[in-house]
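So the chains spell out like this:
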Amino acid sequence: MMKKRRISASEASLVLFLCQMISALDVPLDSKLLEELSQPPTITQQSPKDYIVDPRENIVIQCEAKGKPPPSFSWTRNGTHFDIDKDAQVTMKPNSGTLVINIMNGGKAEAYEGVYQCTARNERGAAISNNIVIRPSRSPLWTKEKLEPNQVREGDSLVLHCRPPVGLPPPIIFWMDNAFQRLPQSERVSQGLNGDLYFSNVQPEDTREDYICYARFNHTQTIQQKQPISVKVLSMDSLNDTIAANLSDTDIYGAKPVTERQPVLLTPTGSTSTKVELRGNVLLLECIAAGLPTPAIRWIKEGGELPANRTFLENFKKTLKIIDVSEADSGNYKCIARNTLGSVHHVISVTVKAAPYWITAPRNLVLSPGEDGTLICRANGNPKPSISWLANGVPIAIAPEDPSRKVDGDTIIFSQVQERSSAVYQCNASNEYGYLLANAFVNVLAEPPRILTPPNKLYQVIADSPALLDCAYFGSPKPEIEWFKGVKGSILRGNEYVFHDNGTLEIPVAQKDSTGTYTCVARNELGKIQNEVQLEIKDPTMIIKQPEYKVIQRYGQVSFECIIKHDSTLLPTVIWLKDNEELPDDERFLIGKDNLTIMNVTDKDDGTYTCIVNTTLDSVSASAVLTVVAAPPTPAIIYARPNPPFDLELTGQLERSVVLSWIPGDENNSPITNFVIEYEDGLHEPGVWHYQTEVPGTQATVQLKLSPYVNYSFRVIAVNKIGRSQPSEPSEQYLTKSATPDENPANVQGIGSEPDNLVITWESLKGFQSNGPGLQYKVSWRQKDVDDEWTSVIVANVSKYIVSGTPTFVPYEIKVQALNDLGYAPEPSEVIGHSGEDLPMVAPGNVQVYVINSTLAKVHWDPVPLKTVRGHLQGYKVYYWKVQSLSRRSRRHIEKNILTFRGNKTFGMLPGLEPYSSYKLNVRVVNGKGEGPASPDKVFKTPEGVPSSPSFLKITNPTLDSLTLEWGSPTHPNGVLTSYILKFQPINNTHELGPLVELRIPANESSLILKNLNYSTRYKFYFNAQTSVGSGSQITEEAVTIMDEAGILRPAVGAGKAMASRQVDIATQGWFIGLMCAVALLILILLIVCFIRRNKGGKYPVKEKEDAHADPEIQPMKEDDGTFGEYSDAEDHKPLKKGSRTPSDRTVKKEDSDDSLVDYGEGVNGQFNEDGSFIGQYSGKKEKEPAEGNESSEAPSPVNAMNSFV
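The structure displayed is predicted, hence computed values, not measured ones.

Colleague: Is there a simple way to think about the overall build of the protein in this case?
Modeller: Summing up its helical and strand segments, the protein has nine helices and 89 strands in all. Burial analysis of the protein (1206 residues in total) assigns 41% to the buried set. For the protein, the accessible area works out to roughly 64700 Å², and carbon and sulfur atoms hold 51% of it.

The following block contains the structure:
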């Protein structure tokens, strides 16, 4: 019979199980991989062991599991198979083991009480759930009872019993009155753990008839109520009044009104009791005492202290609460009740037992065929639990035999497993207080290697920082991982690399030469796979000009600089902070590209300003302090750069390291933030100082890493917020011992300069990279896929070697290895080079030309065999030139055009051809040496196109009604001209166009006389040539026929609008000149009359009206005729205001005058005359006085004047 136990939800997670395998074989958390691998079932979700359900709702018993293939589910009930197909009320969710029992449609929850267990099974094993005990909740009614009223003397103790009905789960008890208000509780009156209400002593105010005990059943959300209990407290005064007639005065008044009593325990009873609690639960101990005065409760643990942080006193210190108890909490707990008359105590002997709990729960085991492993199941408890094993839900004693399996108590040992050894094992740890059940599968997998890192993943790292290149993998057996640099580089080894167990390659200090392609190879006995990733090394972001400490007077302006240097491929963002917070939202703060400016500085701007530069890969910052002072500034602390360090000393000299120490100089009121250490190589680069490292300002010693064969000197620079100190004096020199080179030359190349040689070049090592004297290079080469043996030569410290007598353009494998007097550098990687190129041997064949249109053709050719190229194929060149124009049949100087098509292309487009022309072309192949022979010339012709515009258009010999047109043929006829098209139309002075006339002229003509035109009329001409393809671009001209002196307009042939036909220059006509003179004379007479009237003076009849008004500013117009009332110049010859106008509201200002026509000459149309009539524009602007400015005073056009009168 399986005993009760509990399993946590986390242990049911399939993914977490795969992370907890006891094996050298780890399964990465890759969703795609997890979906592909075969896996035994794992229970991921299940209902609690003790499952109390609401009898009014459907019962849902959860059972979810994962596995590959997906598991099937079955259930047992009370130890026997539960056939859900035979019960119409029970269904199982699709793709799940969860049961749904339909109670709401007629089922009864009591009929489904019992113990349920779920089994999830697939071809690799079976997992089982806990025993799930299903019980419907119960909330029974209170039994009816007759409650007698409680009468108690004042000062006595009292217990009101609740005795709630037994429910499932137990109810929550509380006391209330008829108004549903909780009864107040205190040290004197309180509720016990059993729900009873305890009075240590009663008082008259305790008298009431509605002490009601309530039981709340949370599962069914119901509340049951006990009948009210009545309490009547009999005070001593009332008792004395009752018996006064039978007792003497001395007896009555000599007694105390209330008798004080020493404490007596109401619960628990007796002097000792026992309590058993389970490990991990909450321990509740209670002592409630009667007495007057009300006793105080105190708790102690005999022979020890109450556990700190887990002990709480509740219910006015009557309840001792200890959470998360353990076996160490067992012992005797004493409660002491004390008042002024004495004390009483009670000892509770507590024993902490323990249901089983895990020491080592079994964890999933993933093995490869032939491997060994163990499942360990260790649990503890009080009493100690027994351990039993099941295999696929069956006791292991009766399970099928597995020769690879051996059970040894709480351990199962597996040896030489095979795929058939896969199964799910259950460990059951149980004692009298409960049980634990854990599923753990053994999954035997045989899988070839897989690399889970995406291919060609790009890693970007800042120089001198660690680079981590991932190679997440899986395979069974566990694959071996190797890393290579480059496509065919050698395997990576050495101290400069760290190889992690998860496949990650770490380059602790990535340099610029670390850039490149890295290949990860995973292999086991079932296969091999590789993946490439890319590494790019970026320059670090630096602040090359940092903000500096500033002292600024109040209301001044200050600027902090922050000039940065960064990798060109990274986009930096600059953020400014004040006192490590965002800048104030104030327009006085101006952020520029390289600076922060604060305008109108105030005291609140005082603080530390930080410039932070962020890129996607790194971040740097620099800070400066701003001190705001009053004006004039008070004497302030002088902040300056620190003094240089001194007394540099070298100790602990080793081959590759040395310890440098120094004494810091004066910091000059600004703490030193860091020290920068620089070195000089007196052997290879004397006088040049290089950055070595830097340390915090609190450190005055550092261990430095050294390179061999370098004569080191060191100096130290101190840095504070103000800036950098001068360098210290150099330290003593230290010459490190020689060693073999650590690295080989970079940028090895093989490129031939002649057809029969191979020039091998490389970047020489720098002096300190030689690691010793006698630096040389071993240059090796062999013809790829031809030679097995390398040919080698050792050369001096040069950067080039020429191999002669090579075949033309063949690939060579090349490597260059550094060496010195102590030995060779590590084996170098190989590169591929080629011997020299020669000119191509053959020309492209099968050259074809396809003419697309008159200016574009497409040429095709067959590629030449690569072996005849004799070099790197760079492309093809097409030479083409115009032989002659088909329209003119005249040859000209031949100018060849060249188009280059890169790569192995076999066609190209020839743009910009001239129409109707004959062309030739040929094609040549190009390599690094030059061009090959030309293909035979190919002739092709372009079709006709539209011509260019005529070379010129001249209009001569204008007469009254005719014009002569002359033109030149198009510069580029682009075909055979068929005709010319002439279009023309008249234009009047308002730029209106008349009807358009079109004429077609034979192609052999070069002039034309147009007759029957209008007199004195401007014409616009449009002229273009045509071929059979269409019309070319046009040329335009304008011309005017001469004036008819008789002034007679004859009808025009093809004339347009009437307005356009009447446009005759009448300014020279005699009748028009006479008319203009008459108009000018009339205007002069009118001006003289107005001048006389304005200077007469005196009052008009309207003067009396003006005097009758207090405000003469505005005078109304007469309503009958719209004219102004009579006006008197009260100021005597006050000058008229220039530019006055009649307002739109029919009023006029006092100082304005409309009596004169002087202002009508302003050139504004639509003014009123003196009689209110409207006149048009009949003159230009009047002349202004010199003081009025330099406005135009040009004479009016007589044509416009004439038109205005018409």
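Back to the text.
Colleague: Help me understand the sheet that holds strand E22 (residues 283-286), please; the structure alone is not making it clear to me.
Modeller: Reading across the sheet, the three strands line up as E22-E26-E25 and stay open at both edges, with antiparallel pairing between neighbours. Strands at the two margins of the open sheet, each flanked by one partner only, are E22 and strand E25 (311-314). Each neighbouring strand pair of the sheet contributes to a mean axis angle of 20°, computed without reference to strand direction. When E22 meets strand E26 (residues 319-322), the two strands line up antiparallel, connected through four bridges.

Colleague: Help me out: how do you make sense of the nonpolar core in this one?
Modeller: Among soluble globular proteins, nonpolar side chains are generally buried collectively. Counting 29 residues, the largest nonpolar core has Ile59, Ile61, Trp75, Ile101 and Tyr116 as its most contacted members. Sorting the residues of this core by element identifies strand E3 (59-61), strand E4 (63-68), strand E5 (72-77), strand E8 (99-101), strand E9 (114-122) and strand E11 (132-136) as the ones contributing at least two each. No other element matches the three residues that E9 contributes to this core. Filtering out sequence-adjacent residues up to four positions away, Tyr116 remains in contact with Ile61, Trp75, Thr76, Arg77, Phe82, Ile101, Asn130, Asn131, Ile132 and Ile134.

Colleague: How do you make sense of the state of the cysteines when you look at a structure like this?
Modeller: A covalent bond between the sulfur atoms of two cysteines is what we call a disulfide. Per the stated rule, a full pass over the model turns up six disulfides. With its sulfur 1.8 Å from that of its partner, Cys471 forms a disulfide with Cys520. On the S-S bond that ties Cys471 to Cys520, the torsion sits near -60°, and the link is left-handed. Of the two residues, Cys471 is situated in the loop between strand E40 (467-469) and strand E41 (473-476) and Cys520 in strand E45 (residues 516-524); the sequence distance between them amounts to 49 residues. For the pair Cys471 and Cys520, one class covers both residues: buried. Residue Cys562 pairs covalently with Cys611 via a disulfide, S to S 1.9 Å. Taking the sign of the S-S torsion, -65° for the link of Cys562 and Cys611, the bridge is left-handed. Of the two residues, Cys562 is situated in the loop between strand E49 (558-561) and strand E50 (563-565) and Cys611 in strand E55 (residues 607-614); the sequence distance between them amounts to 49 residues.

Colleague: Quick question: what am I supposed to make of the side chain of Glu506 here?
Modeller: When you line up the elements, Glu506 lands in strand E44 (residues 505-507). Buried within the structure, Glu506 lacks any salt-bridge partner; Lys705 is the closest side chain of opposite charge, at an N-O distance of 11 Å. Here His500 takes part through its side chain, which lies 2.7 Å from a polar atom of the side chain of Glu506. Once residues lying within four places of it in the same chain are set aside, the contact partners of Glu506 are Pro466, Ala467, Leu468, Glu496, Tyr497, Val498 and His500.

Colleague: Help me understand unusual backbone geometry, please; the structure alone is not making it clear to me.
Modeller: Note on backbone geometry: most residues besides glycine have negative phi, and most peptide bonds are trans. With omega at -10°, the peptide bond leading from Leu168 into Pro169 counts as cis. Note that the residue after Ser476, namely Pro477, is joined by a cis bond; omega there is 5°. Considering the arrangement of structural elements, one finds Pro477 in the loop between E41 and strand E42 (480-485). Unusually for a residue other than glycine, Asn668 sits at a positive phi of about 55°. Tracing the backbone shows Asn668 in the loop between strand E58 (657-663) and strand E59 (672-681).

Colleague: Would you explain the sheet that holds strand E13 (residues 158-160) in this entry?
Modeller: Working definition: the strands of a sheet are paired by backbone hydrogen bonds and lie parallel or antiparallel to each other. Across the sheet, which stays open at both edges, the three strands sit in the order E13-E16-E15 with antiparallel pairing between neighbours. Sheet topology places E13 and strand E15 (189-191) at the edges, where each strand pairs with a single neighbour. The average undirected angle you get between the axes of adjacent strands in this sheet is 15°. Where E13 lies against strand E16 (residues 197-199), three bridges are found, and the strand directions are antiparallel.

Colleague: I tried to follow the pattern of salt bridges on my own but got confused; where do I start?
Modeller: When the charged atoms of two side chains with opposite charge come close together, those side chains can pair. In the structure shown here, the tally under the stated rule is 37 salt bridges. Among the salt bridges present, the one from Arg715 reaches Glu678, with a minimum N-O distance of 2.8 Å. Here Arg715 is found in strand E62 (residues 711-720), whereas its partner Glu678 is found in strand E59, with 37 residues between them in sequence. Owing to a relative accessible area of 18%, Arg715 belongs among the buried residues under this scheme. Salt bridges here are not isolated pairs; linked through shared partners, they connect Arg153, Asp156 and Arg261.

Colleague: Mind showing me how you'd approach the confidence of the model for the protein here?
Modeller: In regions of low pLDDT, the predicted coordinates are not meant to be interpreted in detail. Residue-level pLDDT values for the protein average 83, and 83% of them are 70 or greater. For residues 248-255, every residue scores under 50 in pLDDT, and the model assigns this stretch four contacts once sequence neighbours within four places are set aside. Every residue in residues 1097-1206 is under pLDDT 50, and counting partners more than four places away or in other chains gives 125 contacts.

Colleague: Which parts of the structure should I look at to understand the side chain of Gln117?
Modeller: Turning to its location among the elements, Gln117 is positioned in strand E9. On the basis of relative accessibility, which here comes to 13%, the residue Gln117 falls in the buried class. Engagement of the side chain of Gln117 in a polar contact is seen with the backbone oxygen of Ser129, the distance being 2.9 Å.

Colleague: When you look at the packing of aromatic side chains in this model, what are you seeing that I'm missing?
Modeller: Under the defined criterion, the tally for this structure stands at 22 aromatic pairs. Taking 5.9 Å as the distance between ring centres and 80° as the angle between the ring planes, the aromatic pair formed by Phe199 and Tyr211 counts as edge-to-face. Of this pair, Phe199 sits in strand E16 while Tyr211 sits in strand E17 (residues 208-217), and the two are twelve residues apart along the sequence. A residue is classified by how much of its surface remains accessible, and Tyr211, at 5% relative accessible area, is buried. Measuring from centroid to centroid gives 5.5 Å for Phe414 and Tyr425, while their planes differ by 65°, and the two rings are edge-to-face. You can see Phe414 sitting in strand E35 (residues 411-414) and its partner Tyr425 sitting in strand E36 (residues 423-431), a full eleven residues away along the chain. With respect to class, Phe414 is no different from Tyr425; both count as buried.

Colleague: I would appreciate a short explanation of the pairing of strand E74 (residues 875-885) in the present structure.
Modeller: Two faces, one strand: in a regular strand the side chains alternate between the faces of the sheet. The element E74 is extensively covered by neighbouring structure, given that ten of its eleven residues are classed as buried. Pairing analysis gives six bridges linking E74 to strand E75 (residues 897-902), with the strands arranged antiparallel. Note that in E75 the partner of Gly875 across the bridge is Arg902.

Colleague: I tried to follow the environment of Ser415 on my own but got confused; where do I start?
Modeller: As for its position among the elements, Ser415 is in the loop between E35 and E36. Accessibility expressed as a relative area gives 36% for Ser415, which makes it partly exposed. Considered as a pair, Ser415 and Glu371 are 44 residues apart in the sequence and their alpha carbons are 6.4 Å apart. Every residue in contact with Ser415, bar those within four places of it in the chain, is listed here: Glu371, Asp372 and Ser404.

Colleague: What is the right way to read the environment of Cys520 from this model?
Modeller: Overall, Cys520 belongs to the buried group, its relative accessible area being 1%. Sequence-wise, Cys520 and Trp483 are 37 residues apart; in three dimensions their C-alpha atoms are separated by 4.7 Å. Ignoring sequence-local partners within four residues, the contact set of Cys520 consists of Ile451, Cys471, Ile481, Glu482, Trp483, Ile529, Gln530 and Asn531.

Colleague: Just checking my understanding: could you explain the environment of Lys778 for this structure?
Modeller: In this fold, Lys778 is placed in strand E66 (residues 776-783). According to the relative accessible area criterion, Lys778 is partly exposed, its value standing at 27%. With 39 residues separating them in the primary sequence, Lys778 and Gln817 have C-alpha atoms 5.0 Å apart. In contact with Lys778, other than residues within four places in its own chain, are Ser792, Val793, Ile794, Lys815, Val816, Gln817, Leu819 and Tyr824.

Scoring rules and cut-offs
- Residues numbered from 1 in each chain as written.
- Predicted model: local features only at pLDDT ≥ 70, side-chain atom pairs only at ≥ 80, totals over all residues.
- Heavy atoms only, no water.
- Helix = DSSP H or I, 4+ residues; strand = E, 2+ residues; numbered from the N terminus.
- Buried < 20%, exposed > 50% of the residue type's maximum accessible area, 1.4 Å probe, protein only.
- Areas by Shrake-Rupley, 256 points an atom, 1.4 Å probe, with all protein chains shown as cover.
- Pairing = 2+ DSSP bridges.
- Axes fitted to C-alpha atoms, helices over the stretch in contact; angles between N-to-C directions.
- Core = buried A, V, L, I, M, F, W, Y, C linked by side-chain atoms within 4.5 Å.
- Contact = heavy atoms within 4.5 Å.
- Disulfide = S-S within 2.5 Å.
- Lys, Arg positive; Asp, Glu negative; His and termini not counted.
- Salt bridge = Lys/Arg side-chain N within 4 Å of Asp/Glu carboxyl O.
- Polar contact = N/O pair within 3.5 Å; in protein donor to acceptor, adjacent residues only side chain to side chain.
- pLDDT = per-residue confidence, 0-100.
- Phe/Tyr/Trp six-rings, centres within 6.5 Å; stacked < 30°, edge-to-face > 60°.

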